[in-house]
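Chains, contacts and geometry: an overview
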Amino acid sequence: MRDINEQFVSELYVKHADALREIRAEQRARRATGMRVQLDDIEAEISYLLLREYRPGTVVEIGALHGWSTTWILSALRDNETGQLCSADLIDNAQRTVPAELAAGRWRFVLGDVRNNLGGLPSAIDYLFVDAAHTTRFAHWYLRHVLPTLAPGTPVSVHDVFHHARALPWTEGATVLGWLRRRGIEYFTASAAHAPRTHARLVGLRRELDLAEPVHSGKHNPMIFFSSC
């Protein structure tokens, strides 16, 4: 499995440009209905692209909130014509907002604190997406109880790490980055604050591919992507 880096992501943008235009139009229409947004465009697109490329059998989403990221993930599984998503959250808003045609046959929602129901998650996870409590305590929990269960090379996404040039101390982001550093695991981000050159190059590529029109106004793209060890 290739490392997740700028070159790989750029290649995926080119490879799946037509599909991205379609999903962006779908997401724009969903947002127009009042659906609340929690991912910025580039990090959402990269998530979609990685899911299309890796074609995971089982995806776990910890933190679905209002279902925006859920619809991006489910759209990738639909376009792959394979894969199941299990989402866990303290609130069930996503169950009311995710379209039935996306959910049918490919989505299971687990309501409640995932820390008290680890057995409710699939035993094998092929892609892990984390966007839940952004605290050190929660990060320590999933780094101790979820990450070690992943097979080597499993792709992982963690949101809200780089809203600034550096992850703030005593946050989930700082905790995850320290965990990665101690294990020598590289990560990728398109954060405008932390990786402005990468961000600018991807913005330029998206413009060339006619993908520049915003779906969401957010421009931070603070998510990190890495492969488990």
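It should be noted that the structure appears before, not after, this text.
Cut-off values and rules
- Residues numbered from 1 in each chain as written.
- Predicted model: local features only at pLDDT ≥ 70, side-chain atom pairs only at ≥ 80, totals over all residues.
- Heavy atoms only, no water.
- Core = buried A, V, L, I, M, F, W, Y, C linked by side-chain atoms within 4.5 Å.
- Buried < 20%, exposed > 50% of the residue type's maximum accessible area, 1.4 Å probe, protein only.
- Helix = DSSP H or I, 4+ residues; strand = E, 2+ residues; numbered from the N terminus.
- Polar contact = N/O pair within 3.5 Å; in protein donor to acceptor, adjacent residues only side chain to side chain.
- Contact = heavy atoms within 4.5 Å.
- Pairing = 2+ DSSP bridges.
- Right-handed = clockwise from strand over helix to strand, strands pointing away.

Section: the nonpolar core
- Ranked by size, the top nonpolar core spans 45 residues in total, and within it Tyr-13, Ile-46 and Leu-50 carry the most contacts.
- Among the secondary structure elements, those contributing two or more residues to this core are helix H1 (6–15), helix H2 (17–32), helix H3 (41–54), helix H4 (68–80), helix H6 (100–103), strand E3 (107–111), strand E4 (127–130) and helix H9 (196–208).
- Element by element, the count of residues in this core is highest for H3, at eight residues.

Examining the side chain of His-216
- As for its position among the elements, His-216 is in the loop between H9 and strand E7 (224–227).
- Within the structure, the side chain of His-216 is placed 3.3 Å from the side chain of Asp-40, a separation counted as a polar contact.
- Residues contacting His-216, with those up to four places away along its chain left out, are Arg-31, Val-37, Leu-39, Asp-40 and Asp-41.

Concerning the pairing of strand E5 (residues 155–158)
- The alternating pattern of E5 places Pro-155 and Ser-157 on one face and Val-156 and Val-158 on the opposite face, and all of these are buried.
- Of the strand pairs in this sheet, E4 and E5 are connected by three bridges, and their pairing is parallel. Across the sheet, the residue bridging to Leu-128 is Val-156, located in E5.
- For the handedness criterion, the β-α-β arrangement of E4, helix H7 (residues 136–145) and E5 is classed as right-handed.
- Strand direction decides the pairing type here: E5 and E7, joined by four bridges, are antiparallel. Pairing of Val-158 across the sheet is with Ile-224, part of E7.

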